[in-house]
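# Examining the three-dimensional arrangement
Here are the chains, one letter per residue:
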Amino acid sequence: MKRSVVLFLIMSMGWGATVVGAKVPGVIITHSPASSKIYIGSPGIAVLPNWDYVAKCDEFGPGSTERTGAITRVCRSRDRGQSWEAPVRVKGMYWASIFVHRGDLYLMGTERNHGATVIRRSRDGGRTWSEAKDASTGRLLDDGKYHTAPVPVAIQGGRIWRAMEDAMGPGGWGSHFRAFMMSAPVGADLLKAENWTCSNRIGRDPAWLGGRFRGWLEGNAVVTPAGEVVNILRVDVKEKGGKAAVIRISGDGRRATFDPEKDFIDFPGGCKKFTIRYDEKTKRYWTLANAILPRHQKSGYPGSIRNAVALMSSRDLRAWTMRSIVLYHPDVKVHGFQYPDWLFEGDDFIGASGKAYVRGEDVPPKQHDANFLTFHRFGRFRDLTMADSAAGAKPGEAAWRP
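Residues numbered from 1 in each chain as written. Predicted model: local features only at pLDDT ≥ 70, side-chain atom pairs only at ≥ 80, totals over all residues. Heavy atoms only, no water.

## Focus: the overall build of the chain
The criterion, for reference: Secondary structure is summarised from DSSP: a helix means a run of H or I of at least four residues, a strand means a run of E of at least two, and numbering begins at the N terminus for each. Exposure is judged per residue with a 1.4 Å probe applied to protein chains only, and the accessible area is read against the type maximum: over 50% gives exposed, under 20% gives buried, and values in between give partly exposed. Exposure was quantified through the Shrake-Rupley algorithm and a 1.4 Å probe, taking into account, for residues, occlusion by the shown protein chains and nothing else. Think of it this way: Lys and Arg go in the positive column, Asp and Glu in the negative one, and His and the chain ends go nowhere. All charge positions are set by atom: Lys at NZ, Arg at CZ, Asp at CG, Glu at CD.
Across its full length, the chain holds zero helices and 27 strands. C-alpha extents for the chain along the principal axes are approximately 55 × 50 × 45 Å. Residues classed as buried in the chain amount to 60% of the 402 residues present. Surface summary for the chain: the accessible area is close to 15200 Å², and the carbon and sulfur share equals 51%. In the chain, 58 positive and 41 negative side-chain charges are present, and the distance between their average locations comes to 2 Å.

Given below as structure tokens:
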């Protein structure tokens, strides 16, 4: 019988109370001591055809080689997440999505921080990987600076779709991102650049959102209820409630359009990275997002408040309902759960989490800089309510009191 999975891979920091020497919650997939100044970023997860799990993360930070020869760690579990093999280190891969397509495992991202767009393939479950040497072997776009994250791929209209950004617009971080969509025929060789089509690129207009719009990034390729492909992006604004943006993509993948009067939507946690996927059983779209709860509304820049993960769903991709707070920590400075990447497995969602967590003298410097990647499983996600929220975040508890 075919199974569907909800797995989520989150770069997270903290889980429950911080206690020096406390056991790190979950199953540790891989660890990077904070003292190394090499942190765990861009988590992603996939399920192989034999139902083994594969998790990945980047190495970033001042001790890493993210700007020269970036490293992605790929780990495999053969027992549904109970234990994990030592990571395979893939050089020249960064900010990548990991996914299975037609039986093969792929990493698609950039070669380094703001490098060329590349795709790599593994035919042995992640042990060895192809090299993206040229336009015939996975080097897809090498004409400038590109940006992305472990965002989902979608299949629609006989094509595989994957959102990207370049970093070649005016200004610095946020304002210089220009969003576009890449797509290829589902049966094509994904390593050949000639098989990929790119849409036009849409950059920031500082007048949007009444002058509050700072930029967009880390878009999701999603198929709407009407069967159209859209790119739903994280929006960098200072509003605590959160916004996302919906860019419409033509059926041939060549044209992207955006109407600022109607295509910004309310989206709790929308100023941080999120992943959206469709659940056939409920006919709803689901996501995990870093909503900012009332206790933390004045805790600083919204993009840095990542101490709560809200399970949310929507019928139409525009109106989102918060179902439960599945992860919460009362501290926002060195605790945060971020970059949730997930899939479905029956009635559960399975989680792998990049976590900054205090263990003895291993103390992350801030909420963004994870030192652990861990695995978790949560049951019956469709039935969760706000009453099932994590400790401290149930209705009436501290997180809901300003």
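## What to know about the side chain of T110
Heads up, the rule is: Polar contacts, as used here, are pairs of N or O atoms within 3.5 Å; protein pairs need one atom able to donate a hydrogen and one able to accept it. Residues neighboring in sequence count only if both atoms are side-chain atoms.
Mapped onto the fold, T110 is located in strand 8 (residues 104-110). Here R112 takes part through its backbone oxygen, which lies 2.7 Å from a polar atom of the side chain of T110.

## With respect to the nonpolar core
Our working definition: We define a nonpolar core as any set of buried Ala, Val, Leu, Ile, Met, Phe, Trp, Tyr and Cys residues linked to one another through side-chain atoms lying within 4.5 Å.
By size, the foremost hydrophobic cluster in this structure holds 24 residues, and its most contacted members are I232, F267, I276, L317, W320, I325 and Y328. Listing elements by their share of this core, those giving two or more residues are strand 17 (229-235), strand 18 (243-249), strand 22 (284-289), strand 23 (308-314) and strand 24 (321-328). At three residues, the largest contribution of residues to this core is made by strand 23. Core analysis: the second largest hydrophobic core is formed by 21 residues, I202, L233, I247 and I249 among them.

## Topic: the environment of L233
As a reminder, the rule being used: Should any heavy atoms of two residues lie within 4.5 Å, those residues are counted as being in contact.
Structurally, L233 can be placed in strand 17. Accessibility expressed as a relative area gives 0% for L233, which makes it buried. Placed 13 residues apart in sequence, L233 and V246 show a C-alpha to C-alpha distance of 6.6 Å. Ignoring sequence-local partners within four residues, the contact set of L233 consists of E165, A179, W216, L217, G219, A244, A245, I247 and F274.

## Thoughts on the side chain of S122
With respect to the helices and strands, the residue S122 is situated in strand 9 (residues 117-122). Overall, the relative accessible area of 1% leaves S122 in the buried class. Only 2.9 Å separates the side chain of S122 from the backbone oxygen of T128, close enough to count as a polar contact. Sequence-distant contacts of S122, defined by excluding residues within four places in its chain, comprise D104, L105, R127, T128 and W129.

## Concerning the state of the cysteines
Which entries qualify depends on this criterion: What counts as a disulfide here is a pair of cysteine sulfur atoms lying within 2.5 Å.
In total, this model carries zero disulfides according to the counting rule given. Residue C57 stays outside any disulfide, its sulfur separated by 6.3 Å from that of C75, the closest cysteine. Residue class for C57 comes out buried when judged on its relative accessible area of 1%.

## A look at the environment of W286
You can see W286 is positioned in strand 22. Given the relative accessible area of 2%, W286 is considered buried. Separated by 253 residues in sequence, W286 and P33 place their C-alpha atoms 33 Å apart.

## So, unusual backbone geometry
Despite not being glycine, K37 shows a phi value in the positive range, around 60°. Turning to its location among the elements, K37 is positioned in the loop between strand 2 (27-31) and strand 3 (39-47).

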